[in-house]
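Each chain, letter by letter, is given below.
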Amino acid sequence: MKKAIFIDRDGTIIVEPADEQIDSLEKLEFVPGAISGMKALMGLGFEIVMASNQDGLGTDAFPEETFWPAQNKMLKTLEGEGVRFDDFLIDEHFPEDGSPNRKPGIGMFGKYLSGEYDMAASFVIGDRETDMKLAQNLGAKGLKVGELSWAQIAETIRATQRSACIDRKTAETDIHVRVDLDGKGESSVDSGLKFFDHMLNQIVHHGGISMELSCKGDLEVDEHHTVEDVAIALGDALRQALGDKRGIDRYGFALPMDESRAIVLLDFGGRSELVWDVQFTRDYVGDVPTEMWKHFFKSLSDAMKCNLYVQARGENNHHIIEGVFKAFARSLKQAVRRDVFSYELPSSKGIL
């Protein structure tokens, strides 16, 4: 479904003067951070809509004689910085208080309430309580300028795009995974294998993400299907949460642990490859066969479409594999770190 961001104008994008009239270039002043904040919202898959109770926006929707120089200048300035609106909703023809078209009324939002738009995933950005009431009336989320800076608003919205949920059911396993790359929400892990849970929790704690993971697998057969299928589902979720990968650091690497050392090099380049150089001296650690760890990371790298180089040495097998998971988690944290104001793909090819 489509989704939209509805942005108020006066007091939200531009500073509202005392007489509430932006009728000259001298009165045109942008709210601090508004331009960079709105630019950070471009390319996220939202339709960007200006929704105002004021006229004079200087759009094709109104006769040329209503174009005010200050409003034209505002739009041209925004366009010059890469900020473009997909639609304009203006209550020019219904200025009286109480009009169903006047915010927080939703009369002029009919197009967006037709069922084509996911309003629960949409946002209203404004500076007044009426804007927050509009969000409530639309069933959208409201973000108030003044309570939040534009940088905080941009990151709040962008963060909602960095989560994914996977439900994977086969004849051997039934798995639910939800991840949030920006660490919002509670985390819980239950794979049915206690030591596996301990390792997966390293990704949560050291990777700075939140994760809900549950698996009901055929452990009466052996551990293979549970470990493999969890890796596939988790990898799918991480890949989907990354979205188009714009602005991410892409690469990551890692750390020592006690007498052992673990190195994980990671590249979200869109290709999958695993180089595994880890030596164990025991068949099991806890309730998981050590032979399964290579298979886990191979399935994970395939599902994530990333290159992984894993090397570890040590004396204690528990420390070796825990070091690997912590190193992977730190690599993941570094690689998915994103500059909120960056739209560049970290690739000279222009595609990942």
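Residues numbered from 1 in each chain as written. Predicted model: local features only at pLDDT ≥ 70, side-chain atom pairs only at ≥ 80, totals over all residues. Heavy atoms only, no water.

Asker: Could you clarify how one ought to interpret helix H8 (residues 317-336) in this entry?
Answerer: Working note: α-helix, 3.6 residues per turn, so residues spaced by three or four point in the same direction. For H8, with 20 residues, the first-to-last C-alpha span of 29 Å sits near the 28 Å given by 1.5 Å per residue. At the N-terminal end of H8, a side-chain oxygen is found 2.9 Å from the backbone nitrogen of His-318, two or three residues along, and the residue is Asn-316. (Helix = DSSP H or I, 4+ residues; strand = E, 2+ residues; numbered from the N terminus. Expected span 1.5 Å × (residues − 1). Polar contact = N/O pair within 3.5 Å; in protein donor to acceptor, adjacent residues only side chain to side chain.)

Asker: Can you help me understand the sheet that holds strand E8 (residues 188-190) in this one?
Answerer: Pairing between sheet strands relies on hydrogen bonds along the backbone, with the strands arranged either parallel or antiparallel. Taken together, four strands build an open sheet; the order of strands is E6-E7-E9-E8 and the sheet is mixed. The open sheet is flanked by strand E6 (163-169) and E8, the only strands paired with a single partner. For this sheet the average axis-to-axis angle between neighbouring strands, irrespective of direction, equals 5 degrees. Pairing of E6 with strand E7 (residues 173-180) involves seven bridges; the strand directions are antiparallel. Opposite Arg-168, over in E7, you have Ile-175 as the bridge partner. Along the sheet face, helix H5 (residues 194-207) touches E8 and strand E9 (210-217) and points at about 155 degrees away from the line of E8. (Pairing = 2+ DSSP bridges. Axes fitted to C-alpha atoms, helices over the stretch in contact; angles between N-to-C directions. Contact = heavy atoms within 4.5 Å.)

Asker: Would you mind showing me how to read the pairing of strand E12 (residues 260-267) here?
Answerer: Remember that side chains alternate between the two faces of the sheet whenever the strand is regular. Here strand E10 (residues 251-252) pairs with E12 via two bridges, running antiparallel. If you follow Gly-252 over to E12, its bridge partner there is Leu-266. Sheet topology note: the E12/strand E16 (residues 307-313) ladder contains seven bridges and is antiparallel. Bridging from a neighbouring strand, Ala-262 pairs with Ala-312 of E16.

Asker: So what exactly am I meant to see when it comes to the packing of aromatic side chains here?
Answerer: Any aromatic ring pair is given by two values, namely how distant the centres are and how the planes are angled relative to each other. For the structure on display, the rule yields 14 aromatic pairs. Put simply, the rings of Phe-195, Phe-196, Trp-276, Trp-293, Phe-296, Phe-297, Phe-325 and Phe-328 touch in pairs and so form one group of aromatic residues. Positioned above the aromatic ring of Phe-46 is the side chain of Lys-3, whose terminal nitrogen or guanidinium carbon lies 4.6 Å from the ring centre. Between Lys-141 and the ring centre of Phe-123, over which it is positioned, the NZ or CZ distance is 5.5 Å. (Phe/Tyr/Trp six-rings, centres within 6.5 Å; stacked < 30°, edge-to-face > 60°. Lys NZ or Arg CZ within 6 Å of the ring centre and 35° of its normal.)

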